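# Structural features, examined
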Amino acid sequence: GANRILNPHLRSKVMSAHEAALLIPSGANVGMSGFTGAGYPKELPTALAKRILDANLHGQKFKIGVWTGASTAPELDGALAMVDGIEMRLPYQSDPTCRKRINAGEMEYIDVHLSHVAQFVWGGFLGKLDVAVVEVAGILEDGRLIPSSSVGNNKTWLDQADKIILEVNAWQNPHLEGMHDIYYGTALPPHRKAIPIERTEDRIGEPYFRIDPSKVIAVIETNKADRNSAFTPPDQNSQRIAGHILEFLQHEVKMGRLPKNLLPLQSGVGNVANAVMAGLQDGPFDNLTAYTEVLQDGMLELIKSGKLTCASATSFSLSPNALTELNADLPRFKDSIILRPQEISNHPEVIRRLGVIAMNGLIEADIYGNVNSTHIMGTSIMNGIGGSGDFARNAFISIFMTPSSAKNGSISCIVPMVSHVDHTEHDVQIIVTEQGLADLRGLSPKQRAKVVIENCAHPNFRPALREYYDRAQRYSPGRHTPHLLDEAYTFLPNWIANNAARAAWRQESTVQA
Ligand code: 0RQ
């Protein structure tokens, strides 16, 4: 990768990851690149984890703050969490070791809307950013940087940090150059100007990051692949959910509420989201566009078949196969893919103006349409809100999707009252499960409860939810959003337990008889 570092001054800063790790002190806040397994530093975090382990073995505490774009990889979050080296993590993670430490109370975590991170840092709300550690695809002669397979918060890290460590990854495709649109027109209020994106394909910035070369304290060379997870082929539930969404979109076109080529699509991560994209492949819509965070396999397929003409995102999130295909043919996609900073890919102003159709996953939804995307049983974090809040509130249509039950059918994802709220009833327009779709637009709380229970809940839990809602209507002190607050969280588990006990008793009595 010798010819990837064309600037002589930065060339002189090349050193090993081990040497670079010595330049980060305990207590530092470190802004790392990385978004859904793409474009994260591959060398420095593991070298730093070794240094931390070493310090711990000598009885010294060594912890840093880790700020990123979104989730990263085992070599970053996993390695640092393993040695208990993270004091504070933000804004999104999906690493099992990280999650375990956070839920054990050993690591602090702040769950921030992805579009808010940059402005929180500019505003100084998160404290000082000491070091930026950013993967790039190359360095130009004049010191500007060719971004990597994700943009995330890198522009902000490079601007705001006192010191910069660069990882130049020769594995990244050189044809990435020109794909990015880095916008330098953002400011804090009262100096803000309109962000001039009026259509998905509008480019408003430049293809490179600017930096102050005197801040660069180390450059590390590497040649390592991004972490990519394979998608499981869409299962029956995902296909049904996708089917309901496609039928709904067709209906909206027929009613004249959506144009024939729909509006820019946003889709969250995961297998259900991917199944919806696969469904669009066989669907009747052409000339689609996407204004989204992550570009998954399904979207790439749509671009290849010509169904989707332009996708704007902040990161790739591809399976190994899709990535190989993309890399083999990258120049072909240059006109149809734009990677932007996450404060732009997720900007409420742009999402509202374009009229994005947002589709995101959920953990549980309640009968009135409140959605929990982040917490198991109200207290343990799963991943984080990610961009789902940026999109849901500002979308033209906000859709949330989930299988109706989790853990082999033992838990209902439709509940009387969510145990944690990420998206309020005001931000949720459509809820979809494999059972069906609830269109909550224009419905009062009591009207919503009926369609959520009848259209979305699993038949095994529908009777219990009906019973709760019925009793709530009779005994709730207020009748606008009827609830039995002392039962809201225990009703379903009790009902399931009693039901199981009833079934066991029935079976026992049959055996005895
Ligand atoms: O765990 O695999 O251990 O069984 O939660 O659930 O059904 O596989 O769905 O992968 O789409 O994830 C909300 C977490 C859904 C995701 C969430 C368990 C379930 C399983 C995952 P197991 P599924 P998904 C743009 C948008 C927030 C960020 C976001 C998410 C695991 O969509 O992180 O939207 N969203 N970003 O078994 C107990 C329940 C459960 C439950 C599911 N009710 N009780 N466990 N699970 N429901 C992208 C970015 O922002 C980067």
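Per an unreviewed UniProt entry, the recorded name for the protein is Acetyl-CoA hydrolase/transferase family protein, and the organism is Dechloromonas hankyongensis.

### Quick look at the site of the ligand
Residues in close proximity to the ligand total 28 residues, the closest being G268, G270, G361, G386 and S388. Among the residues making up the shell around the ligand, the classes are represented as 15 nonpolar, 10 polar and three charged.

### Remarks on the sheet that holds strand β16 (residues 364–366)
Reading across the sheet, the three strands line up as β17-β16-β23 and stay open at both edges, with mixed pairing between neighbours. If you trace the sheet from one side to the other, it starts and ends with β17 (371–372) and β23 (414–415), each paired once. Summarising the sheet, β16 and β17 pair through two bridges and their orientation is antiparallel. Paired with E364 across the two strands is N372, which belongs to β17.

### Considerations on helix α5 (residues 96–103)
Buried residues of α5: C98, R99, R101 and I102, and no others. Within α5, the buried residues cover an arc of 165° as seen down the axis, which keeps them to one side. Where α5 is buried, its residues contact α4 (74–82), β3 (86–90), β4 (108–109) and β19 (380–381). Following α5 by one or two positions, G105 adopts a phi angle in the positive range, close to 80°.

### Side note on the packing of α4 against α5
If you want to describe how two helices pack, look at the angle between their axes and the distance between the axes. Interhelical geometry of α4 versus α5 gives an angle of 45° and a closest axis separation of 7 Å. The orientation of α4 with respect to α5, classified from their angle, is oblique. Our pair here, α4 against α5, has a crossing hand that is left-handed. Where α4 abuts α5, its residues D77, G78, A81 and M82 lie against T97, C98 and R101. Along the lines of polarity and charge, the residues of the contact of α4 with α5 split into three nonpolar, two polar and two charged.

Reading the values: rules and limits
- Residues numbered from 1 in each chain as written.
- Predicted model: local features only at pLDDT ≥ 70, side-chain atom pairs only at ≥ 80, totals over all residues.
- Near = placed C-beta within 6 Å.
- Nonpolar A, V, L, I, M, F, W, Y, C, P; charged D, E, K, R; others polar.
- Pairing = 2+ DSSP bridges.
- Helix = DSSP H or I, 4+ residues; strand = E, 2+ residues; numbered from the N terminus.
- Buried ≥ 20, exposed ≤ 12 C-beta atoms within 10 Å, placed from the backbone.
- Arc of directions from axis to C-beta.
- Contact = placed C-beta atoms within 7 Å.
- Axes fitted to C-alpha atoms, helices over the stretch in contact; angles between N-to-C directions.
- Parallel < 35°, antiparallel > 145°, perpendicular 65-115°, else oblique.
- Left-handed = near helix turned anticlockwise from the far one by under 90°.

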